[in-house]
Amino acid sequence: ARGGRGGGPGIAADRGARCILDTSGPALRQALERSELFLIKPSLSELGTLAGEEISEPEHLVQTASRLLRGSRCRAIMVSLGAQGALLASRDGIEQISAPNVRKVSTVGAGDSLLAAMVLRLACGASLSEAARYGVAAGSAAIMAQGSNLCSREDTERLYAWMSRHTG
């Protein structure tokens, strides 16, 4: 990938777009080394693979995400943590976002729903922190859906409102 001004590799960066990447393994490593990225969204295991170490403690997770940010041209890392929610590490700091407790039906599409909701909120002008919380609500809503269905907007909005009331 060819770096450009702005948020990501290639043509998107040349147009001032912010690049958001959801991949793993060598592709993620190469993108972090060669490109300006706005956001990456690894799972906990993908982050551990990228860092070359198993991450088992919350403090170790924070240290690993912070170290990767310092060593890259990436603005933020959103680590999906399943039922525990997510960790947002950015140049502005670290935020642990707890997921609401929901009835688990299927985990298919939860990570995709999380990231899609974040992108939607960012495109509407939300802060990174607000977009991350909305993403966790969407990921939780996806867990409630049958089969390979993604989250519903109604469930996402309801969970986001609940999270907003219960997390300050």
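Our subject is the structure listed above.
Asker: Help me get a handle on the packing of aromatic side chains, residues and values and all.
Answerer: On inspection of all chains with the given rule, the structure shows one aromatic pair. Ring centres of Tyr134 and Tyr160 lie 5.2 Å apart, and the angle between their planes is 75°; this geometry places the pair in the edge-to-face category. Here Tyr134, found in helix α6 (residues 128–143), pairs with Tyr160, found in helix α7 (residues 153–166); they are 26 residues apart in sequence, far enough to count as distant. It is Arg121 that lies over the ring of Tyr134; its NZ or CZ is 3.8 Å from the centre. Sitting over the face of the ring of Tyr160, Arg121 holds its NZ or CZ atom 5.0 Å from the ring centroid.

Asker: An account of helix α5 (residues 110–123) is requested, with residue identities and associated values reported.
Answerer: For α5, which comprises 14 residues, the first-to-last C-alpha distance of 20 Å matches the rise-based estimate of 20 Å (1.5 Å per residue) to within 8%. Among the residues making up α5, those that are buried are Ala110, Ser113, Leu114, Leu115, Ala117, Met118, Arg121 and Leu122. Where α5 is buried, its residues contact β1 (20–21), β2 (37–40), β3 (74–80), α6 and α7. Positive backbone phi, approximately 95°, marks Gly125, located one or two places after α5.

Asker: Can you explain the side chain of Ser106? Please cite residues and give values.
Answerer: Mapping Ser106 onto the fold places it in the loop between β5 (93–97) and α5. Polar side-chain contacts of Ser106 include one of 3.2 Å to the backbone nitrogen of Val108. Filtering out sequence-adjacent residues up to four positions away, Ser106 remains in contact with Ala142, Ile143, Ala145 and Gly147.

Asker: Tell me about the nonpolar core, and please be specific about residues and values.
Answerer: Judged by nonpolar contacts, the single largest core of 28 residues is most densely connected at Leu39, Met78, Leu88, Ile97, Met118, Leu128 and Val136. Going through the elements one at a time, β2, β3, β4 (86–90), α5, α6 and α7 are the ones with two or more residues in this core. In terms of residue count, the dominant contributor to this core is α6 (10 residues). Residues within four places of Ile97 in sequence aside, it is in contact with Met78, Gln84, Gly85, Ala86, Leu88, Ala132, Arg133, Val136 and Met163. Membership of the second largest hydrophobic core comes to 19 residues, among which are Leu28, Ile40, Ala65 and Ile77.

Asker: Any chance you could break down the environment of Gly147 for me, citing the residues and the numbers?
Answerer: When you line up the elements, Gly147 lands in the loop between α6 and α7. Distance from Gly147 to Ile97, taken between C-alpha atoms, is 25 Å for residues 50 residues apart in sequence. Setting aside its immediate chain neighbours within four residues, Gly147 contacts Ser106 and Val108.

Asker: Requested: an account of the pairing of β5, with residues and values cited.
Answerer: Pairing of β4 with β5 involves five bridges; the strand directions are antiparallel. In the sheet register, Ala86 faces β5, and the bridge partner there is Ile97. Taking the residues between adjacent antiparallel strands as the criterion, β4 and β5 are bridged by two residues.

Conventions we followed
Residues numbered from 1 in each chain as written. Predicted model: local features only at pLDDT ≥ 70, side-chain atom pairs only at ≥ 80, totals over all residues. Heavy atoms only, no water. Phe/Tyr/Trp six-rings, centres within 6.5 Å; stacked < 30°, edge-to-face > 60°. Helix = DSSP H or I, 4+ residues; strand = E, 2+ residues; numbered from the N terminus. Lys NZ or Arg CZ within 6 Å of the ring centre and 35° of its normal. Expected span 1.5 Å × (residues − 1). Buried < 20%, exposed > 50% of the residue type's maximum accessible area, 1.4 Å probe, protein only. Contact = heavy atoms within 4.5 Å. Polar contact = N/O pair within 3.5 Å; in protein donor to acceptor, adjacent residues only side chain to side chain. Core = buried A, V, L, I, M, F, W, Y, C linked by side-chain atoms within 4.5 Å. Pairing = 2+ DSSP bridges.

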